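Spelled out from the first residue to the last, the chains are:
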Amino acid sequence: MTRLSAVAKYAGVSEATVSRVLNGKPGVAQVTRESVLTALDVFGFVRPQPLRREGGRLIGLVLPDLQNPIFPAFAEVVGVALIQRGLVPVLCTRTSDSVSEANYIEMLLAQRVGGIIFVGSSYADAGAEQGRQLTARKLPIVLVNAADENLDVPRVSVDDAGAARQAFEHLAGLGHRNIGLILGPTGHLPSVRKLAGFVEFCQASGVPADNGLVDHTAFTVEGGRGAANRLIAAGATALVCASDALALGAIRAARRRGHDVPRDISVIGFDDSMFMAVTDPPLTTLRQPVRAIAAAAVTSLMSQLNGDVVNRNEVLFEAELVVRGTIGPCRLRPEVA
């Protein structure tokens, strides 16, 4: 396949249109022109001098924040993998001073990036206009642990539902029946899936799924503390948390209420982020296979950059329950005896 025909096929235009763009001829819509130029970047073809951009092939890496240790972990592994392939990662994180995902997408498109990897996010959240631009340009995109479904985009995720079932089944084996679940915001896809795992566990074990031991909050230590206070007051003897930060907040709440962890309250986190093995006590948590997920995401991106047919079905990776010092046998407290 010639370069001209490859670019035309990828951009969904005729070879004549590609030729007009490359030669700077008028009469080509701007969105079509951008699609052709993106196709050149995707295949690694050198643009004509007047259309050339400086630097290597840029790849956007969009993260919700850097406060949650799991996101820097993904950034490090994905960034190194991109650099090893001759690509230049551009790190973008949403901030509290209104630098949004939409802002970053606009800047990345202006820099003519070759693709974008979204971690724990979703370009659909950025806005309709940004979503249309990405679709129109056929920019290679991969979503890692996406915030919503995005069925038409390659996705790589941890199996949240399976991870939740692992945690609940292990706690049930220790005699716990009043198990609380602390999730992220309502509608956040990984939290929705963890809740589904909770419901499946309840159905299989005969525990009422509507026992009131589920709470939604922000992914912060303070969010975990507030949710844990409510669930412990409602009778929970164990807490499964959707992040390690939430779990640390839950442990703080239990201690401030006069409970010992794990003698009175068992706590399980999620991610196995940095330093969780050296907390007091070391946190039992569900470990995301960060390297495997990152490798799959980069492989999917490279396939798109090479013009290969990409599987649009979501790829799921199993989490590993890492048992440490924050869980133990159920010891019913007086208020729940």
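For the structure itself, look to the data block above.
Attention here is on the structure that accompanies the text.

Conventions used here
- Residues numbered from 1 in each chain as written.
- Predicted model: local features only at pLDDT ≥ 70, side-chain atom pairs only at ≥ 80, totals over all residues.
- Heavy atoms only, no water.
- Core = buried A, V, L, I, M, F, W, Y, C linked by side-chain atoms within 4.5 Å.
- Buried < 20%, exposed > 50% of the residue type's maximum accessible area, 1.4 Å probe, protein only.
- Contact = heavy atoms within 4.5 Å.
- Helix = DSSP H or I, 4+ residues; strand = E, 2+ residues; numbered from the N terminus.
- Pairing = 2+ DSSP bridges.
- Axes fitted to C-alpha atoms, helices over the stretch in contact; angles between N-to-C directions.
- Arc of directions from axis to C-beta.

The subject of this paragraph is the nonpolar core. Residues Ile117, Ile182, Leu239 and Val267 are the most contacted members of the largest nonpolar core, which totals 80 residues. Each residue touching Leu239, except ones within four places of it in the same chain, is listed here: Gly180, Ile182, Ala228, Leu231, Ile232, Ala250, Ile265, Ser266, Val267 and Ile268. Core analysis: the next-biggest nonpolar cluster, separate from the first, contains 16 residues, Val113, Phe118, Ile141 and Leu143 among them.

Further remarks concern unusual backbone geometry. The step from Val261 to Pro262 runs through a cis peptide bond, and the omega angle for that step is 15 degrees. Locating Pro262 in the fold gives a position in the loop between helix 10 (244-256) and strand 9 (266-271). Cis peptide bonds are those with omega within 30 degrees of zero, and the linkage from Asp280 to Pro281 qualifies with -5 degrees. Residue position: Pro281 is located in the loop between strand 9 and strand 10 (284-287). Here the phi dihedral of Asn145 falls at roughly 50 degrees; this positive angle occurs in a residue that is not glycine. Position of Asn145 among the secondary structure elements: in the loop between strand 4 (141-144) and strand 5 (155-158). At Asp271, a position not held by glycine, the phi torsion is positive, near 125 degrees.

Read across the sheet, 6 strands follow the order 7-6-8-9-10-12 without closing on themselves; strand pairing throughout is mixed. Edge positions in the sheet fall to strand 7 (214-216) and strand 12 (320-322), since each has one partner strand and no second. When strand polarity is set aside, the average angle formed by the axes of neighbouring strands in this sheet is 20 degrees. Note that strand 10 and strand 12 share 3 bridges and pair antiparallel. Bridging from a neighbouring strand, Arg287 pairs with Glu320 of strand 12. Against the sheet, helix 9 (residues 221-233) engages strand 6 (179-183), strand 7 and strand 8 (238-241), with an angle of about 155 degrees to strand 6. In the packing of helix 10 onto the sheet, the strands contacted are strand 6, strand 8, strand 9 and strand 10, and the crossing angle to strand 9 comes to about 160 degrees.

A few words on helix 2 (residues 15-22). An α-helix turns once every 3.6 residues. As a result, residues three or four positions apart point the same way. Within helix 2, the full set of buried residues consists of Thr17, Val18 and Val21. Relative to the axis of helix 2, the buried residues are bounded by an arc of 100 degrees and lie together on one face. Buried residues along helix 2 sit in contact with helix 1 (3-11) and helix 3 (30-43). Where helix 2 terminates, the next one or two residues include Gly24, which has phi positive at roughly 70 degrees.

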